[in-house]
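Here is what each chain is made of, one letter per residue.
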Amino acid sequence: MLLGILVVLCFIPTADVTENKILVAQRPLLTVANKTATLVCNYTYNGTGKEFRASLHKGTDSAVEVCFISWNTTKISSNSSKEFNCQGIHDKDKVIFNLWNMSASQTDIYFCKIEAMYPPPYVYNEKSNGTVIHVKETPIQTQEPQSAIRLWIMVAMTGVLAFYSMLITAVFINYWQKSKKNMYHQSDYMNMTPRHPPYQKNKGYPSYAPTRDYTAYRSWQP
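Predicted model only: the values in this text are computed from it and were never measured.

## Quick look at the environment of asparagine 129
Here is step 1: Secondary-structure assignment places asparagine 129 in the loop between strand 10 (123–124) and strand 11 (131–135).
Here is step 2: Its relative accessible area of 73% is what places asparagine 129 among the exposed residues.
Here is step 3: Counting along the chain gives 101 residues from asparagine 129 to proline 28, while the straight-line C-alpha distance between them is 7.3 Å.
Here is step 4: Residues in contact with asparagine 129, not counting those within four places in the same chain, are Ile109 and Phe111.

Structure below.
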């Protein structure tokens with residue numbers, strides 16, 4: 001009988017401690033390639049709390065609070081620090097932290113903290129193993145091939161335009177030289193076409209016939 005009472009007395013505090021304990025589970029590594037990360041904090045809580053607060057902390061000593069979310073049965077509020085773009089979402093037994101526009105300098109270990117604020121007793125989880133968020137640097141070399149391609153296109157277009165300009169100039173110079181030679185050759189020939197005074201053009205004779213002298217015929221008349 002006494003042994004049974006001792007067993008009950010030992011079991012009651014243990015059940016009470018277990019009931020008000022919060023356990024958090026996080027994935028160990030999260031690689032970010034597009035500056036956007038989604039960190040899920042799964043937790044278990046068997047207490048009677050009605051108002052909670054969840055926060056995300058950066059660094060091995062959790063010195064920097066990235067953002068937090070608080071909720072109760074009727075209201076949810078969220079806030080983020082100035083150095084981060086973060087938003088928390090509560091969904092049943094997990095809290096989701098969405099981070100965007102992250103930089104490589106923000107690569108670090110991040111911890112989730114879940115707190116039961118009200119009613120008493122105040123309870124929060126023990127520090128978990130955390131999640132290492134590795135933010136990859138955005139490659140800048142992607143712009144160099146495009147710049148090189150544009151430069152080569154401009155060089156090629158300039159070369160084509162220069163070639164056509166030289167070709168047109170050569171054709172024009174050749175045509176001008178030939179025209180000049182033709183003008184010189186035409187000036188070397190004499191125009192042998194017979195010319196007549198203007199008053200003889202309307203006498204009905206062909207242009208090639210010589211003009212007759214009628215005075216010789218009149219002198220033989222009786």
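## Topic: the side chain of lysine 58
Here is step 1: Among the structural elements, lysine 58 can be located in strand 4 (residues 51–58).
Here is step 2: A polar contact of 3.2 Å, which involves the side chain of lysine 58, links it to the side chain of aspartate 108.
Here is step 3: Other than its neighbours up to four places away in sequence, lysine 58 contacts Ala63, Val64, Val66, Phe84, Gln106, Asp108, Ile109 and Tyr110.

## Remarks on the state of the cysteines
Here is step 1: Under the criterion given, the structure shown has 2 disulfides.
Here is step 2: Shown here is the disulfide that connects cysteine 41 with cysteine 112, its sulfur atoms set 1.6 Å apart. One end of the pair, cysteine 41, is in strand 3 (residues 37–45); the other, cysteine 112, is in strand 9 (residues 108–118), and 71 residues separate them in sequence. Taken as a pair, cysteine 41 and cysteine 112 share a single burial class, namely buried.
Here is step 3: Here cysteine 67 connects covalently by a disulfide to cysteine 86, the sulfurs 2.0 Å from one another.

## A closer look at the pattern of salt bridges
Here is step 1: Scanning the model with the defined rule gives 4 salt bridges in all.
Here is step 2: Where glutamate 65 meets arginine 53, a salt bridge forms, and the shortest distance between an N and an O atom there is 3.3 Å. Of this pair, glutamate 65 sits in strand 5 (residues 64–71) while arginine 53 is found in strand 4, placing the two residues 12 residues apart along the sequence.
Here is step 3: Glutamate 115 is the partner of arginine 53 in a salt bridge, and the nearest nitrogen-oxygen pair spans 3.5 Å. With arginine 53 in strand 4 and glutamate 115 in strand 9, this pair connects stretches of sequence that are 62 residues apart.

## Some points on the packing of aromatic side chains
Here is step 1: One pass over the full model with this rule turns up 5 aromatic pairs.
Here is step 2: Seen from their ring centres, tyrosine 45 and phenylalanine 52 are 5.4 Å apart, and the 80 degrees between their planes marks the pair as edge-to-face.
Here is step 3: Tyrosine 45 sits in the buried class, given a relative accessible area of 17%.
Here is step 4: Pairing tyrosine 122 with tyrosine 124 gives two aromatic rings, centres 5.7 Å apart and planes at 40 degrees, and the pair type is tilted.
Here is step 5: Since its relative accessible area comes to 42%, tyrosine 122 is described here as partly exposed.
Here is step 6: Here a set of aromatic residues connected by ring pairs shows up, and it is made of Tyr45, Phe52 and Trp71.
Here is step 7: Between the NZ or CZ atom of lysine 113 and the centre of the ring of tyrosine 124, over which it lies, the distance is 5.1 Å.
Here is step 8: Over the ring of phenylalanine 111 we find lysine 127; its NZ or CZ atom is 4.5 Å from the centre of that ring.

## Some thoughts on unusual backbone geometry
Here is step 1: Following tyrosine 118, the chain continues into proline 119 via a peptide bond in cis, with omega recorded as -5 degrees.
Here is step 2: With respect to the element layout, proline 119 can be found in the loop between strand 9 and strand 10.
Here is step 3: The step from proline 120 to proline 121 runs through a cis peptide bond, and the omega angle for that step is 5 degrees.
Here is step 4: With respect to the secondary-structure elements, proline 121 resides in the loop between strand 9 and strand 10.
Here is step 5: The backbone of serine 62 shows a phi angle near 55 degrees, a positive value even though the residue is not glycine.
Here is step 6: Residue classification places serine 62 among the partly exposed residues on the basis of a relative accessible area of 22%.
Here is step 7: The residue lysine 92 is not glycine, and still its phi comes out positive at about 55 degrees.
Here is step 8: Judged by its relative accessible area of 70%, lysine 92 is exposed.

Conventions used here
- Residues numbered from 1 in each chain as written.
- Predicted model: local features only at pLDDT ≥ 70, side-chain atom pairs only at ≥ 80, totals over all residues.
- Heavy atoms only, no water.
- Helix = DSSP H or I, 4+ residues; strand = E, 2+ residues; numbered from the N terminus.
- Buried < 20%, exposed > 50% of the residue type's maximum accessible area, 1.4 Å probe, protein only.
- Contact = heavy atoms within 4.5 Å.
- Polar contact = N/O pair within 3.5 Å; in protein donor to acceptor, adjacent residues only side chain to side chain.
- Disulfide = S-S within 2.5 Å.
- Salt bridge = Lys/Arg side-chain N within 4 Å of Asp/Glu carboxyl O.
- Phe/Tyr/Trp six-rings, centres within 6.5 Å; stacked < 30°, edge-to-face > 60°.
- Lys NZ or Arg CZ within 6 Å of the ring centre and 35° of its normal.

Note that all results are geometric; they support no functional claim without further evidence.
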